[in-house]
Amino acid sequence: MRYGMVIDTIKCVGCTDCVVACQTENNVPLGYARDWVVEAVVGTYPELHLEIRTERCNHCIDTPCVRTCPTGASHIIEGGIVKVTANECIGCGACIESCPYDARYVHPNGYVDKCTFCDHRVANGQDPACVSVCPTYCMHFGDLDDPNSEVSKLLATRNSKVLAPEAGTKPQIFYLI
Amino acid sequence: MEEIIVSGRSIPHVDPILDIWGLPISLYLFLGGLAAGITIFAAVVTILKKDEQYSTAAKIAPIITPIALAVGLLFLLVDLHHILYAWQLFTTIRLDSPMSWGAWTLLIITPLSIIWVAMHMKSIMPMLNMGGCCLGVLGFFIVEKNDGSQVNWEWRYPFLINFEKFVIAQKQVFAWIMLVLGLVVGVYTGILLSAFNARPLWNTAILGPLFLTSGLSTGAAAIMWLSSDHHEVKLFSKIDLFLILIELFLIVHMIMGFRAGSEIQIYAATFFLGGDFTVIFWVFFVGLGLLIPLVLESMELVGKKVPVAIVAFLILSGGLLFRIIMVDAGQVIRFLY
Amino acid sequence: MKTTRRQFIKISGLGAGSLALATPTFNLLSGKQKPQDDIKSKRYPNYCEICFWNCAGWVYTNEEGKIWKIIGHDDDPNSNGRFCPRGTGGVGSYYDDDRLKTPLIRYTKEDGSQDYREATWDEALDLIATKVSEIKNKYGAESIALFNHGSAGKHFTHLFRAMGSSNIAAPANAQCKTPRENAFKLTFGHELHSPEPLDIQNADCMVLIGSHLGENMHNGQVQEMSMLIERGGTIITVDPRYSVVASKSKIWLPIKPSTDIALLLAWINVIINENRYDKEYIEKHAHGFNELKEYIQPFTPEWASLITTLDPTQIVLAAREMAAAAPAVIVHPGRHVTWYGDDTQRLRAVAILNALLGSWGRKGGFFFSSSASVGKHPAYKVPYPKPKWSWMDIRPGDFPLANTGITNVLVDGSHPDYTGENKIKAWFVVGSNLPVSIPNKQRTLEAMDNMEFIVVVDTMPMEITSYADVVLPEATYLERYDILRLAENRYPTVALRMPAAEPRWESKPGWWMAKQLGDRMGLNQYFAFESYEEVLEAELSKLGVTLEQMKEIGVLKLERPYDDAYMHEGDEIEFETPTGKIELLSTELAALGFDPFPKYTAHAEPPAGYYYLNYGRVPMHTFSRTSNNPNLSDLKKEHDVWINPIVANDWGIKNGQYIWLQNQAGVISDFPVKVRVTERIRWDSVFLPHGFGHNNPKLSRAHGKGVSDTQLISNVMHDPINGSTGMRLNFVTFLTEDPRKETEA
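For the structure given in this document, a descriptive report is provided here. (Residues numbered from 1 in each chain as written. Chains lettered and ligands numbered in written order. Predicted model: local features only at pLDDT ≥ 70, side-chain atom pairs only at ≥ 80, totals over all residues.)

1. Let's talk about the overall build of chain B
Now for step 1: Across its full length, chain B carries twelve helices and three strands.
Now for step 2: Over its C-alpha trace chain B gives a radius of gyration of 22 Å, about what one expects of a compact globule, namely 20 Å for 337 residues.
Now for step 3: Residues classed as buried in chain B amount to 45% of the 337 residues present.
Now for step 4: Long-range contacts, defined here as pairs at least 24 residues apart, represent 72% of the contacts in chain B between residues at least 6 apart. (Helix = DSSP H or I, 4+ residues; strand = E, 2+ residues; numbered from the N terminus. Rg over C-alpha atoms; globule rule 2.2 N^0.38 Å. Buried ≥ 20, exposed ≤ 12 C-beta atoms within 10 Å, placed from the backbone. Contact = placed C-beta atoms within 7 Å.)

2. Focus on the overall build of chain A
Now for step 1: Looking only at helices and strands, one finds six helices and ten strands in chain A.
Now for step 2: For a compact globule of 177 residues, the expected C-alpha radius of gyration is about 16 Å, and chain A comes in at 16 Å, within 12% of that figure.
Now for step 3: With respect to the three principal axes, the spread of C-alpha positions in chain A is 50 × 40 × 35 Å.
Now for step 4: Counting every position in chain A, which comprises 177 residues, the buried fraction comes to 59%.
Now for step 5: In chain A, the proportion of contacts linking residues at least 24 apart, taken out of those at least 6 apart, comes to 55%.

3. Comments concerning the sheet that holds strand β3 (residues 67-72) of chain C
Residues and elements named next belong to chain C.
Now for step 1: Strands sit in the order β1-β2-β3 across an open sheet of three strands; the sheet is antiparallel. Every other strand in the sheet has two partners, leaving β1 (42-47) and β3 as the edge strands with one partner each. Neighbour-to-neighbour, the strand axes of this sheet turn through a mean angle of 30°, independent of strand direction.
Now for step 2: Across five bridges, strand β2 (residues 56-61) lies against β3 in antiparallel orientation. Residue pairing across strands places threonine 61 opposite isoleucine 67, the latter belonging to β3. (Pairing = 2+ DSSP bridges. Axes fitted to C-alpha atoms, helices over the stretch in contact; angles between N-to-C directions.)

4. Quick word on helix α16 (residues 510-520) of chain C
Now for step 1: Of all eleven residues making up α16 of chain C, eight are buried, and the element is well covered by its neighbours.
Now for step 2: Of the residues one or two after α16 of chain C, glycine 522 of chain C is the one with positive phi, at around 75°.

5. Some thoughts on the packing of helix α1 (residues 23-47) of chain B against helix α3 (residues 64-79) of chain B
Residues and elements named next belong to chain B.
Now for step 1: At a minimum axis distance of 8 Å, the contact between α1 and α3 shows a crossing angle of 160°. One way to sum up the angle between α1 and α3 is to call them roughly antiparallel. For the element pair α1 and α3, the recorded crossing hand is left-handed. Between α1 and α3, the residues in contact are Pro24, Ile25, Leu27, Tyr28, Leu31, Gly32, Leu34, Ala35, Ile38 and Thr39 and Ile64, Thr65, Ala68, Leu69, Val71, Gly72, Phe75, Leu76, Val78 and Asp79, respectively.
Now for step 2: Taken together, the residues of the contact of α1 with α3 break down into 15 nonpolar, four polar and one charged. (Parallel < 35°, antiparallel > 145°, perpendicular 65-115°, else oblique. Left-handed = near helix turned anticlockwise from the far one by under 90°. Nonpolar A, V, L, I, M, F, W, Y, C, P; charged D, E, K, R; others polar.)

6. Brief notes about the interface of chain B and chain A
Now for step 1: Counting residues at the interface gives 40 residues for chain B, matched by 44 residues for chain A.
Now for step 2: Contributions of two or more residues to the side of chain B that touches chain A are made by β1 (2-7) and α4 (98-119) of chain B.
Now for step 3: Here the side of chain B that touches chain A gets six residues from one element, more than from any other, and that element is β1 of chain B.
Now for step 4: Of the residues that constitute the side of chain B that touches chain A, the class distribution is 21 nonpolar, twelve polar and seven charged.
Now for step 5: Judged from the six bridges that link them, strand β2 (residues 35-44) of chain A and β1 of chain B form a sheet pairing that is antiparallel. Residue pairing in the sheet places alanine 40 of chain A in a bridge with isoleucine 4 of chain B of β1 of chain B.

7. Structural notes on unusual backbone geometry
Now for step 1: Put simply, aspartate 15 of chain B and proline 16 of chain B share a cis peptide bond, and its omega is -5°.
Now for step 2: Mapped onto the elements of the fold, proline 16 of chain B is located in the loop between β1 and α1.
Now for step 3: Residue proline 327 of chain C follows alanine 326 of chain C across a cis peptide bond; omega there is 5°.
Now for step 4: Phi at histidine 13 of chain B is positive, roughly 70°, even though this residue is not glycine.

8. Points about helix α10 (residues 301-308) of chain C
All names here are of chain C.
Now for step 1: Of all the positions in α10, only Pro301, Ala304, Ile307 and Thr308 are classed as buried. The arc that holds the buried residues of α10, viewed along the axis, is 120°, so those residues lie on one side. Across α10 from its buried face, at more than 90 degrees, point the exposed residues Glu302 and Leu306.
Now for step 2: Buried positions along α10 lie against α7 (260-273) and α11 (312-325).
Now for step 3: Threonine 309, located one to two residues past α10, shows a positive phi value of around 65°. (Arc of directions from axis to C-beta.)

9. Comments concerning the environment of proline 98 of chain B
All names here are of chain B.
Now for step 1: Looking at where proline 98 falls in the secondary structure, it is placed in helix α4.
Now for step 2: What makes proline 98 buried here is the crowd of 25 C-beta atoms within 10 Å.
Now for step 3: Residues proline 98 and leucine 183, spaced 85 residues apart in sequence, show a C-alpha to C-alpha distance of 14 Å.
Now for step 4: Discounting residues that sit within four places of it in the chain, proline 98 has contacts with Tyr188, Ile191, Leu192 and Ala195.

10. Quick look at the nonpolar core
Now for step 1: Membership of the largest hydrophobic core comes to 373 residues, with the highest contact counts inside it found for Leu265, Trp267 and Ile268 of chain C.
Now for step 2: At 15 residues, the largest contribution of residues to this core is made by α1 of chain B.
Now for step 3: Setting aside chain neighbours within four positions, we find isoleucine 268 of chain C in contact with Ile296, Ala349, Ile352, Leu353 and Leu356 of chain C. (Core = buried A, V, L, I, M, F, W, Y, C linked by C-beta atoms within 7 Å.)

11. Section: the sheet that holds strand β8 (residues 205-209) of chain C
Residues and elements named next belong to chain C.
Now for step 1: The parallel open sheet is built from four strands, whose spatial order is β10-β9-β8-β12. Since the sheet does not close on itself, it has two edges, and those belong to β10 (251-253) and β12 (329-331), each with one partner. Pairwise comparison of adjacent strand axes, ignoring direction, gives a mean angle of 10° for this sheet.
Now for step 2: Here three bridges tie strand β9 (residues 234-238) to β10, and the two strands are oriented parallel to one another. For valine 238, the partnering residue across the bridge sits in β10 and is leucine 253.

12. Points about the environment of tryptophan 642 of chain C
Residue and element names in this part refer to chain C.
Now for step 1: For tryptophan 642, the location among the structural elements is in strand β20 (residues 640-643).
Now for step 2: Sequence separation between tryptophan 642 and threonine 308 is 334 residues; the distance between their C-alpha atoms is 21 Å.
Now for step 3: Tryptophan 642 has contacts with Arg676, Thr678, Arg680, Ile681, Val686 and Phe687, leaving out every residue within four places of it along the chain.

13. Observations regarding the environment of isoleucine 83 of chain B
Now for step 1: When you line up the elements, isoleucine 83 of chain B lands in the loop between α3 and α4.
Now for step 2: Judged by the 14 C-beta atoms lying within 10 Å of it, isoleucine 83 of chain B falls in the partly exposed class.

Here it is, written out as structure tokens:
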């Protein structure tokens with residue numbers, strides 16, 4: 001089993017509902033965020049292109065954050081979800097430096113915090129909070145190993161990309177383009 | 001024109017640019033490099049049995065090592081955000097994590113470096129002012145001795161005396177161990193950064209050798225500064241000259257490597273070739289920290305009288321500046337996507 | 001400087017004895033909080049008050065019983081179980097420590113300066129009851145005006161009606177959708193209301209004119225637009241700005257501002273002349289087609305091209321796209337449409353275009369919505385006294401089609417320069433930040449200064465509270481019972497709002513305030529209930545549900561009584577227009593002496609060095625109401641003014657620089673605004689998201705962040721048909737140095 005997300009940049013309007021839903025669901029302190037929205041514009045008026053995508057930890061297969069963690073606080077749980085155990089974390093920042101997506105931050109309590117794919121919800125059979133609130137239905141969560149899952153089917157039928165593939169981390173969040 | 005807007009976040013130390021690691025880490029890397037440099041020289045001089053001839057390198061300069069390591073560790077701790085959990089570092093050894101084996105190496109080398117100093121205590125500090133208060137902690141370990149010999153003190157406990165005997169007898173083995181650990185620390189300070197392939201500037205194999213060379217260079221400078229022996233100063237001046245040349249070569253090699261690298265690395269190089277870090281890097285680090293010492297040391301080689309303190313100061317501050325630049329610039333330059 | 005009777009008081013230092021901090025504190029020894037399990041959490045039904053869409057959802061509380069999160073209700077047709085960022089961030093409105101905490105009363109100090117003092121509810125309510133009764137006895141109840149917004153306003157509307165005043169207005173109309181409601185009523189005999197009955201989920205083509213759906217999070221519509229995109233439907237966007245939805249459009253028409261009617265006329269021209277209109281539909285249902293055809297002849301795409309700066313072939317292509325999708329096509333009526341003072345005519349053109357495409361009453365076009373009706377509590381059955389005059393008599397003869405109270409007419413009746421008979425003497429302002437929501441702020445301030453008494457009811461120390469004689473702190477929607485939501489949509493629903501927490505500090509629900517005032521003013525029969533639960537119970541009883549049941553289900557989903565969401569083949573339909581048909585030619589407008597067909601009028605253009613001030617929305621804020629919400633301000637703390645790189649280059653303005661804006665009348669913004677140099681805006685325009693630039697320091701997060709567009713909108717073009725306020729003919733120029741420093745020097 002390998003959890004992943006497929007995010008449709010064509011449908012996303014960049015409303016940041018995913019961000020605030022994550023904050024409230026996971027008690028992320030104000031001023032911090034486990035997910036965020038990027039808008040990239042190219043071209044010259046009026047020949048323009050805009051891509052909007054919601055980003056978060058990519059729950060990579062090859063995880064530099066887990067590798068560089070000196071205590072084992074950063075670890076991978078079932079389904080490939082990358083997590084941090086708060087009371088094993090010393091807050092050294094090595095994982096933050098190692099993440100090409102800047103998806104980790106130091107929680108005001110001192111430990112490093114990040115997206116968990118809402119594993120507490122996934123355990124209940126729910127989608128992660130960000131996916132469950134998205135008003136444009138642009139986010140999909142599921143098992144990439146299962147060819148019949150919604151995410152696998154989307155990847156099979158649509159063009160997609162991952163972010164910073166050259167970083168070599170094998171990210172598990174795919175963007176439909 | 002390309003425009004990238006990130007909304008919904010502005011996280012301290014991550015946005016708009018990463019600065020998770022600041023001055024404490026640069027100082028830690030600098031002090032680690034310095035300690036490594038001094039340790040390596042002390043070990044090599046001892047292995048070559050020239051420790052009496054180059055006593056500053058073998059015996060006096062190593063006093064800096066435990067201090068540098070301890071202060072460096074302090075800076076590392078200062079930089080830990082979840083400091084009360086720092087003991088977790090020593091519950092596991094993670095070979096993939098430079099931070100982990102760095103912590104363990106420091107855990108081993110710091111007491112060893114203290115032992116190294118203790119081993120030479122009688123030789124470098126034979127007469128201690130036993131009545132003075134300046135003995136401090138040392139007072140718990142030594143007692144006054146008046147047997148008319150050149151040394152006016154002795155270790156307080158028999159096992160210390162025995163241990164000293166044992167260490168002095170095994171000095172060569174000890175030196176080899178210190179050489180290996182010194183190299184590990186020296187390389188480690190570079191690898192700590194280059195292990196992060198998420199930071200294009202750091203992600204180069206040259207960083208390890210470069211940091212080691214720079215550490216050796218600062219070590220040599222410290223020895224020059226402390227030494228009052230003309231031959232020793234001259235030798236380390238020569239060594240340093242050589243190290244600076246290697247360093248320059250590695251720097252050029254690194255930048256050319258970036259220029260010939262991937263899109264991100266080419267982008268990284270622009271920060272040093274016209275970008276924000278150009279002046280501080282080329283003028284202050286390469287110019288003041290490498291080239292001027294290079295010129296001064298060359299002048300000394302041909303017999304001109306050059307104040308050693310200035311050379312050493314320039315090299316040491318250059319070494320620190322280099323680490324500050326690398327830590328800063330490395331975090332500014334991120335993946336493009 | 002003219003001294004004003006009514007000093008602007010910064011509400012500060014009051015209510016400092018606040019309860020425990022709402023925000024969690026952090027410490028180094030804490031292990032990580034265990035995530036809350038929402039399946040085991042307690043939840044309370046509510047409907048969102050952050051915007052007018054009023055989505056129904058659930059408020060969850062955490063283990064400590066504190067408000068934790070808000071999630072949409074699956075049975076709610078407005079949200080389909082998914083809230084927008086503002087609704088999700090609604091928790092911040094409860095946790096905001098800047099909230100009004102106690103009643104405040106204005107008093108004059110010994111040195112003559114004015115300030116507020118904290119007061120008890122009894123004291124404040126007694127004072128209001130006495131003052132209002134005094135004014136009522138002296139000038140009549142009609143002289144007291146109510147400005148309201150949102151559901152709390154309904155309780156005060158009841159109070160006002162009971163008192164005998166119908167001078168009630170909301171900025172939601174004359175500053176927003178009145179021209180649209182008029183235009184659709186004139187054309188189809190039917191107003192659109194809210195949420196608009198647009199069948200976007202079944203449409204094959206949607207045309208957006210100046211509407212930036214996706215940046216305005218009209219939740220249901222954004223969701224349905226996403227479905228349209230998913231199905232490969234066509235979106236056509238007309239906007240001088242490369243909006244988010246423009247980036248998702250098959251055709252984006254970067255129009256010159258203020259020329260939309262020319263484009264619409266050209267589209268009508270193409271669709272008629274290329275015989276692409278729905279002939280059967282038009283023949284059966286429409287009035288005035290031949291006249292329209294004749295009228296439209298001069299307005300060719302080439303003619304429109306010269307006016308709009310658009311490529312004529314693009315204009316034609318867009319018209320053909322619409323026609324190809326017809327009748328599953330929606331020329332979106334928009335919402336905030338008060339732009340240039342001829343807005344009713346522009347919206348008439350939109351309505352005519354929809355009629356020609358046959359989309360009214362058709363699948364994929366405009367459906368007919370259905371809403372529930374509930375019972376009445378006896379207190380609400382007592383007949384209201386008939387007012388002697390109303391807002392319509394303040395400027396008699398003007399604005400014949402104004403269908404609801406006009407805020408700016410009430411301001412006119414309050415202003416010292418008003419010479420008519422029907423003067424306004426006192427204001428109640430409920431949940432409406434007038435200096436920021438009505439254009440021409442200066443005039444609003446002058447009117448307020450002329451009032452004998454002003455009561456402001458709000459949850460937050462908005463600018464308006466600083467002008468009140470008495471300020472009443474309202475409980476947020478998460479802390480109170482309120483009216484039932486009876487949304488119009490594809491199927492009828494009833495949604496309950498109930499408190500998920502006790503009101504913080506001394507704040508109280510709106511119904512309670514209205515009842516307390518009513519009781520004190522001898523209107524007891526209108527408030528013959530002890531608690532609002534009684535009222536709800538009585539209303540729900542007609543539907544056969546109890547309040548307890550509603551607390552469990554939150555939303556009561558009802559069946560449509562008839563299968564009448566769309567028109568059926570062969571239906572004989574009588575439209576509620578004078579001719580009983582879809583009026584392409586408006587007989588009503590003709591009778592009133594207005595143009596029976598929309599007419600393009602050239603509008604003023606910005607002088608050299610000035611740019612059209614185009615304002616709009618950001619998805620995480622509602623108007624100016626949410627800019628201090630801790631959660632939403634976290635998503636966007638300040639806005640920026642969008643400037644085209646060519647313009648920025650001319651001015652030597654850099655991205656991220658702070659500048660001041662000055663409008664054509666010399667009004668200079670109070671605060672500077674950050675520049676965003678972007679290709680996404682036309683070179684003759686700037687774009688400024690609305691709702692920022694608060695100047696009450698008590699709004700600790702929002703104060704001084706950006707520029708209030710309302711302040712710069714001093715040129716207001718009144719639509720002669722209904723008095724709505726066209727606000728888009730204001731032009732701004734840039735000041736790179738602090739203008740106030742210069743004047744001081």
